[in-house]
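Chain residues, written in single-letter form:
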Amino acid sequence: MAKRDTYKYELTKGNRVVYVGITNNPERREMEHHQDKDFDKMRIIGKASTLDGASQWETNRIQTYMDNHKGQTPLYNQNEHGK
């Protein structure tokens, strides 16, 4: 059985989502993001998931964002897969 050790998260600036991601260490990842991204809050979404489940969520969440924002990804996401 796959480990559920991957967290899904969004970075927000005000009410705007500026990044969608996954990590196995939210505290470390938040500190890393503060070095190169301007955001107010890191919000964990749901409970820890498997890596495969979290990766699928990330792709789907970015696609939903793009569907609602004329094809644009969140500000700091490079592409529709979160990479």
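Every chain is numbered on its own, with residues counted from 1 as its sequence reads. Under the rules for a predicted model, residues below a pLDDT of 70 receive no local features and side-chain atom pairs below 80 are neither given nor counted, while totals for whole chains, interfaces and linings still include all residues. For the side-chain quantities, the full set of heavy atoms in the structure was used; hydrogens and water were omitted.

Undergrad: Teacher, can you tell me more about the packing of aromatic side chains here?
TA: Each pair of aromatic rings is reported with the distance of its centres and the angle of its planes. For Phe, Tyr and Trp, where Trp contributes only its six-membered ring, two rings pair if their centres lie within 6.5 Å, and the inter-plane angle classes them as stacked under 30 degrees, edge-to-face over 60, or tilted in between. Throughout the structure, instances matching the rule amount to one aromatic pair. For the ring pair Y9 and Y19, a centre distance of 6.1 Å and an interplane angle of 35° mean the geometry is tilted. On the criterion of sequence distance, the pair formed by Y9 in strand 1 (residues 6-13) and Y19 in strand 2 (residues 16-23) is long-range, its members being 10 residues apart. Relative accessible area serves as the criterion here: at 0%, Y9 is assigned to the buried category. Type-normalised accessible area, obtained with a 1.4 Å probe on protein chains alone, sets the label of each residue: buried when under 20%, exposed when over 50%, and partly exposed for intermediate values. What makes Y19 buried here is its relative accessible area of 9%. Geometrically, a lysine NZ or arginine CZ counts as sitting over a ring once it is within 6 Å of the ring centre and also within 35 degrees of the ring normal. Across the ring face of Y19, the terminal group of K37 is positioned such that the distance to the ring centre comes to 5.1 Å. In this description a helix means any DSSP run of H or I spanning at least four residues, a strand means any run of E spanning at least two, and both kinds are numbered starting from the N terminus.

Undergrad: Got a minute to help me understand the nonpolar core in this structure?
TA: Across soluble globular proteins, nonpolar side chains have a tendency to be buried as a group. V17, V20, I22, A54, W57, I62, Y65 and M66 together form the largest nonpolar core, which totals eight residues. If one sorts the elements of this core by residue count, helix 2 (residues 51-68) sits on top with five residues. In contact with A54, other than residues within four places in its own chain, are T6, K8, I22 and S49. Buried Ala, Val, Leu, Ile, Met, Phe, Trp, Tyr and Cys residues form a nonpolar core when they are joined through side-chain atoms within 4.5 Å. By size, the runner-up hydrophobic cluster in this structure holds six residues, among which are L11, Y19, F39 and M42. Here, residues are in contact when the closest pair of their heavy atoms is within 4.5 Å.

Undergrad: Explanation requested: the pattern of salt bridges in the structure shown.
TA: Should their charged atoms come close, side chains of opposite charge can pair. A pairing counts as a salt bridge when a side-chain nitrogen of Lys or Arg comes within 4 Å of a carboxyl oxygen of Asp or Glu. Applying the stated criterion to the full structure yields eight salt bridges. Note that E32 is salt-bridged to R28, the shortest N-O span being 2.9 Å. A residue pair is termed a helical-turn pair when its members lie 3 or 4 positions apart in one helix, as E32 and R28 do in helix 1 (residues 26-34) at four residues. Judged by its relative accessible area of 30%, E32 falls in the partly exposed class. The partner of D36 in a salt bridge is K37, and the shortest N-O contact between them spans 3.3 Å.

Undergrad: Would you explain the sheet that holds strand 2 in this entry?
TA: Pairing between the strands of a sheet is mediated by backbone hydrogen bonds and can be parallel or antiparallel. Two strands are said to pair when DSSP picks up at least two bridges between them. In spatial order, the strands read 2-1-3; together these three strands make up an open sheet with antiparallel pairing. Across the chains shown, the open sheet's two edge strands, defined by having one partner strand only, are strand 2 and strand 3 (41-49). Direction aside, the axes of adjacent strands within the sheet are offset by 20° on average. Where strand 1 and strand 3 come together, six bridges link them in antiparallel fashion. Within strand 3, the residue paired with Y9 across the bridge is I44. Relative to the sheet, helix 1 contacts strand 1, strand 2 and strand 3, its axis offset from that of strand 2 by approximately 135°. Axis definition: a line fit to C-alpha positions, over the contact stretch in the case of helices; interaxial angles, taken between N-to-C directions, run 0 to 180 degrees.

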